[in-house]
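If you want the building blocks of each chain, they are given just below.
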Amino acid sequence: MFAEGNVHKVAVQVNENDLAVMNIALNSVQNLTNHYHSSGDTVEVEMVTYGPGLNMLIDGISPVPDNIATMSLEMDNLSFAAFGNTRRKLSAKKGEDIALLDEANTLPSGVVRLIELQEYGFAYVKP
């Protein structure tokens with residue numbers, strides 16, 4: 001068991017365009033944040049979206065924009081990463097720039113980011 005006051009770090013991968021997976025990921029983040037905060041710990045969470053999972057963060061397409069907006073306002077421990085490789089491919093296919101939700105931070109590669117986060121000590125979760 002960890003001593004009270006520890007900082008936990010978690011990377012949550014979403015690479016499926018599946019509402020159930022997106023909701024499980026968001027609910028898991030809420031639950032683990034509540035768990036650690038109730039025990040006096042903190043948790044830093046980065047939700048990593050790429051491939052078909054990028055739909056979670058595309059403005060006008062995301063099936064969960066209200067959940068993301070609410071959680072972003074209420075949880076300063078949570079960030080959302082959208083990956084440039086997928087975004088560039090979708091933009092090229094559509095012939096226009098794909099707009100992301102305001103909460104999304106764009107980074108170059110989802111797989112590379114997951115590797116980096118694990119190297120930085122983040123636990124890896126895939127719903």
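In the block above lies the structure referred to throughout.
None of these values were measured; they are calculated from a predicted model.

A. Inspection of the environment of Lys94 at higher detail. Assignment of secondary structure puts Lys94 in helix α3 (residues 84-94). With relative accessibility at 52%, the residue Lys94 sits in the exposed group.

B. Structural detail: helix α4 (residues 110-119). Every buried residue belonging to α4 is among Gly110, Arg113, Leu114 and Leu117, and all of these are buried. For α4, the arc enclosing every buried residue in end-on projection is 100 degrees, short of the 170-degree limit, so these residues lie on one face. Looking at the packing, one finds that the buried side of α4 touches β1 (7-14), β2 (42-49), β3 (78-83), β4 (104-107) and β5 (123-125). Positioned one or two residues after α4, Gly121 has a phi angle of 95 degrees, which is positive.

C. Local environment of the sheet that holds β5. Read across the open sheet, the 5 strands follow the order β4-β3-β2-β1-β5; overall the sheet is parallel. Taken across any chain shown, the strands that pair with only one partner, and hence form the sheet edges, are β4 and β5. Within this sheet the neighbouring strands show an average axis-to-axis angle of 30 degrees, counted without direction. In this sheet, β2 lies alongside β1 in parallel orientation, the contact comprising 8 bridges. Paired with His8 across the strands is Val43, a residue of β2. The strands that α4 touches are β1, β2, β3, β4 and β5; relative to β2, the one it contacts most, it runs at about 160 degrees.

Thresholds applied
Here the residue index of a chain counts from 1 through its sequence in written order. Given that this is a predicted model, residues contribute local features only at a pLDDT of at least 70 and side-chain atom pairs are listed and counted only at 80 or more, while totals for whole chains, interfaces and linings are drawn from all residues. Just so you know, side-chain values use all the structure's heavy atoms and leave hydrogens and water out. The secondary structure listing takes helices from DSSP runs of H or I that are at least 4 residues long and strands from runs of E that are at least 2 residues long, numbered from the N terminus. Classification of residues uses two cut-offs on accessible area relative to the type maximum, computed with a 1.4 Å probe and protein chains only: under 20% is buried, over 50% is exposed, and between them is partly exposed. This arc describes the spread of directions from the helix axis toward the C-beta atoms. Any two residues having at least one pair of non-hydrogen atoms within 4.5 Å are treated as being in contact. Two strands are counted as paired when DSSP detects at least two bridges linking them. Whenever a helix is involved, its axis is fitted only over the stretch in contact; in every case the axis is a line through C-alpha atoms, and angles between N-to-C directions fall within 0 to 180 degrees.

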